[in-house]
Amino acid sequence: MQYLPIFTKLDNKPVLIVGGGEVALRKCRALIKARAEVTLVAPSFCDELHEHANEGQVILVSEHFSASHLDGKMLVIAATDNDSVNNTVFELANARNVFVNVVDDQPKCTFIFPSIVDRDPITIAISSAGTAPVLARRLREKLETLIPQHIGPLARLVGDFRAQVKKRFKHFADRRQFWERVFDSSVVSKVQTGDTEAAVQQLHGMLNATPTPEGEVYVVGAGPGDPELLTLKALQLMQQADVVVYDYLVSDEIMDLVRRDADLICVGKRLGNHSVKQEDTNQMLVDLAKQGKKVCRIKGGDPFIYGRGGEEVQVLAENQIKYQIVPGITAAAGCSAYAGIPLTHRDHAQAIQFVTGHCKKDGQELDWQSLAKPNQTLAIYMGVIKSPHIQAQLLKYGRDGKTPVAIIENGTRKEQRVVRTQLSQLAAQIETHKIVSPALLIVGEVAALHEQLAWFGKTTQVSSFAQPLTDVA
Ligand SMILES: C[S@@+](CC[C@H](N)C(=O)[O-])C[C@H]1O[C@@H](n2cnc3c(N)ncnc32)[C@H](O)[C@@H]1O
């Protein structure tokens, strides 16, 4: 990180601007807003700066810059059109450890002015560390449209209640839960519609009510790995959780998005390496919720597709624990899209079957007769280890050995690999290319469309990850 984002209080603090023209004026306006004690030094000043001086907002010193002008200043801005003067300001200020900004000369800035989304008292600052100001401005425009105007009044209102809330709830966690309840309540819509009085009344009511900490479990699907495939709801609940219970399939980039101070519990789950038994995970969710915690049970893909989310929700229901289920993009949908393989296609596949290669412990066999039928696509989850068996059974029950197959490893992630082959070569290709988990097998004529459509897949891939797919024919 080149610049640490901090918000400084400049109220009555001495700041120097070297320069008297338009650029100096722009910086001056921002500093006046922050109520800084602004001195400008320059041989002459534009009219508007004189007006600010007449109103007592700034002090104008009509002199050439010299080192003594820096005495006692906290911040200095060099805003002249003379490189040599700007350079001298930078050298002298830097030598004294005074923060300095030479306008439009990023290497000579020890502090910078970020782009700002202003919903006072909420302020969002965006910086590209001087590398891409236009990109930073575009981001600001996006945020301007996303952040509602009533956020400012809402922040002011709750600010008025902070001291009372602190007195009422001694523990930080209780205060946080109180505020979560407030922001989930109709206090927000009341402020939004301008009914501040009703919002204040409701806040008083909530403050005086006896809180019954009610735990809840969010069973959230995180998708196959690309964080941009998370749903808005998933992200929102990940940010609200006190505890996040996750397994290996959830990518690191997604785990980076959970609430910073949430407790993280890994319950493992890699084939043959279940670090916590499913029954224990179920019980853990119940116990945490009974302690009044908001628990985010986050799973790769969709929780209800080979995710054992069904079992977990059954146990929550039996124990009368409140829960929400957030669907995620399942591996079949995500991986096929990123590999340019449509799962159905008018000419090639009228049906799609989701299958697991990892059968139940009792060895219950799949309905191979049905799976071997033509004109359909099979999306086989957890099929790598059992690929020799899958291949043999499909061939035995009549699927053509030339049926196209795609093996998608780490689908939608930076390291995505697609191996294209045919059914008779499935197991051998898995062996040759040392396919690792997670990997999805797609069997059916649609897999051959990868060659034609992966270009589209590659373009999305390049823009997301700046790195092309590794294709193995
Ligand atoms: C236990 S299942 C979980 C499936 C998940 N609930 C879903 O809806 O995608 C794990 C299997 O999903 C598939 N899978 C999940 N994420 C994947 C990814 N990013 N790339 C390829 N396969 C993936 C693999 O077959 C893996 O062995």
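Residues numbered from 1 in each chain as written. Predicted model: local features only at pLDDT ≥ 70, side-chain atom pairs only at ≥ 80, totals over all residues. Heavy atoms only, no water.

Per an unreviewed UniProt entry, the chain is named Siroheme synthase, and its organism is Pseudoalteromonas byunsanensis.

## So, the site of the ligand
Not every one of the 20 residues close to the ligand is listed here, only the nearest: Ile305, Thr330, Ala331, Gly411 and Ala439. Between an oxygen atom of the ligand and a main-chain N or O atom of Asp302, the distance comes to 2.8 Å. For the ligand, the protein covers 91% of the area, taking 570 Å² as the surface of the free molecule. Those elements giving two or more residues to the shell around the ligand turn out to be helix 13 (331-338) and strand 17 (439-443). Residues that form the shell around the ligand fall into these classes: 12 nonpolar, six polar and two charged. (Near = heavy atom within 4 Å. Polar contact = N/O pair within 3.5 Å; in protein donor to acceptor, adjacent residues only side chain to side chain. Areas by Shrake-Rupley, 256 points an atom, 1.4 Å probe, with all protein chains shown as cover. Helix = DSSP H or I, 4+ residues; strand = E, 2+ residues; numbered from the N terminus. Nonpolar A, V, L, I, M, F, W, Y, C, P; charged D, E, K, R; others polar.)

## Comments concerning the layout of surface pockets
Approximately 2,100 Å³ is the volume attributed to the largest pocket. Along the walls of the largest pocket sit 47 residues, with Ile112, Phe113, Pro114, Ile116 and Ala125 positioned nearest its centre. Contributions of two or more residues to the lining of the largest pocket are made by helix 1 (22-33), strand 5 (99-102), strand 6 (115-119), strand 7 (122-126) and helix 4 (133-146). In terms of residue count, the dominant contributor to the lining of the largest pocket is helix 1 (five residues). Taken together, the residues of the lining of the largest pocket break down into 26 nonpolar, nine polar and 12 charged. (1 Å grid on protein atoms, 1.4 Å probe; cavity = no way out; pocket = protein on both sides within 12 Å on 5 of 7 lines; lining within 4 Å. Points joined across faces, edges and corners; volume = space filled by probe spheres on them.)

## Points about the sheet that holds strand 9 (residues 243-246)
One open sheet holds the five strands; their spatial order is 10-9-11-8-12, and the pairing between them is parallel. Strand pairing shows two members of the sheet lacking a second neighbour, strand 10 (263-266) and strand 12 (322-326), which therefore form its edges. Neighbour-to-neighbour, the strand axes of this sheet turn through a mean angle of 20 degrees, independent of strand direction. Note that strand 9 and strand 10 share four bridges and pair parallel. The residue bridging Val244 from the neighbouring strand is Leu264, located in strand 10. With respect to the sheet, helix 11 (residues 278-290) is in contact with strand 8 (216-221), strand 9, strand 10 and strand 11 (294-299), its orientation differing from that of strand 11 by roughly 155 degrees. (Pairing = 2+ DSSP bridges. Axes fitted to C-alpha atoms, helices over the stretch in contact; angles between N-to-C directions. Contact = heavy atoms within 4.5 Å.)

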